[in-house]
Amino acid sequence: MRPPLAAALVGFLILTSGCLGLTAPDQPSSDQRALDALNRSQNATADVTSYRTTVDGTLSASESDDSVTLEVTGNVAVDVAGRRMNATTGIEDVDGTIRTRQTAPKRAYISGYTAYTECARMGWERQNLSESRSWLTYTPVGQQLAVLNETNVYWRGTEVIDGTETVVVVGYPSKQALRAVPDVRGASATEVQDANIENATVTLWLDSETHRPVQAQREIEVADSGATATATVTFDFAGYDEPTSVRRPEFDEDEIWQLGCPGTT
């Protein structure tokens with residue numbers, strides 16, 4: 001098995017909206033109720049000053065007779081008013097069968113329209129983000145809303161999440177929809193550029209009163225040179241407009257890579 005496929009898919013799911021090959025079947029038109037709910041949520045999050053996100057997911061990958069299961073966890077603190085974000089993700093090999101390049105927690109930091117992603121070997125990669133998009137788009141809440149804004153969406157009724165009544169909206173984004181949303185690189189392009197995304201689903205649970213996202217889930221299937229991987233990652237959103245501490249990680253300018261992390265270009 002190629003461990004990079006598993007590790008790369010994790011970064012792809014968590015820190016990006018996706019930009020690889022996916023051919024979606026023809027889809028029926030959007031449900032008006034889903035469109036209305038999405039529009040209300042976009043308006044409700046436009047003036048958010050801060051929030052927090054926790055990440056929890058499982059990834060299974062296989063090739064021939066080999067298989068591996070990875071558990072993914074993460075925490076994100078977003079200071080929207082100050083345009084700063086801290087993100088930390090960790091990967092645990094449940095079966096203990098492989099050692100991925102991302103066994104230690106990986107960190108990302110955004111300040112304004114500059115993003116820093118911790119490299120697996122050493123240092124940090126710097127990425128200049130496009131200022132043509134709202135800054136919120138580069139954060140977990142903004143990513144989910146932006147992706148669903150680029151595809152047909154469907155009403156899936158209501159559901160209670162941790163005591164909060166929510167409305168459920170789901171979308172099946174195509175390659176074009178995913179590519180339309182800017183991202184923060186979370187995995188090397190050389191590791192995932194040949195992978196083919198076979199199915200992608202984004203589900204969003206919106207507070208029925210405040211219209212703000214409560215939870216989101218991404219489900220994805222990827223194939224690459226005989227290897228396959230399936231992942232489900234859930235994002236829980238909380239702490240809207242509450243005091244949030246976001247700090248720049250400790251690294252020096254000579255630790256920053258402008259053209260990608262070592263060994264990935």
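On a predicted model such as this, the values are computed, not experimentally measured, just so you know.

Student: Can you help me understand the pairing of strand β3 (residues 84–93) in this one?
Tutor: A regular strand carries its side chains on alternate faces of the sheet. Of all 10 residues that make up β3, seven are buried, and the element is covered over most of its length. Pairing geometry for strand β2 (residues 66–79) and β3, over 10 bridges, is antiparallel. Bridge pairing links Val72 to Ile91 in β3. Linking β2 to β3, which pair antiparallel, is a turn of four residues; within it Arg83 sits at a positive phi near 55 degrees.

Student: Would you take a moment to explain helix α3 (residues 140–149) for this structure?
Tutor: An α-helical segment advances 3.6 residues per turn. Residues three or four places apart therefore align on the same side. Of all 10 residues in α3, nine are buried; the element is thus mostly enclosed. Within the span of α3, buried status applies to Pro140, Val141, Gly142, Gln143, Gln144, Leu145, Ala146, Val147 and Leu148.

Student: Got a minute to help me understand the environment of Leu145 in this structure?
Tutor: By secondary structure assignment, the location of Leu145 is in helix α3. Given a relative accessible area of 5%, Leu145 falls into the buried group. In this structure, the C-alpha to C-alpha distance between Leu145 and Asn39, residues 106 residues apart in sequence, is 9.2 Å.

Student: Is there a simple way to think about the pattern of salt bridges in this case?
Tutor: Pairing of side chains with opposite charge becomes possible as their charged atoms draw close. This structure, assessed with the given rule, holds six salt bridges. Close ionic contact of Glu253 with Arg248 constitutes a salt bridge, the shortest N to O distance being 4.0 Å. A single salt-bridge network, built from bridges that share partners, covers Arg126, Arg248 and Glu253.

So, how was this worked out
Residues numbered from 1 in each chain as written. Predicted model: local features only at pLDDT ≥ 70, side-chain atom pairs only at ≥ 80, totals over all residues. Heavy atoms only, no water. Buried < 20%, exposed > 50% of the residue type's maximum accessible area, 1.4 Å probe, protein only. Helix = DSSP H or I, 4+ residues; strand = E, 2+ residues; numbered from the N terminus. Pairing = 2+ DSSP bridges. Salt bridge = Lys/Arg side-chain N within 4 Å of Asp/Glu carboxyl O.

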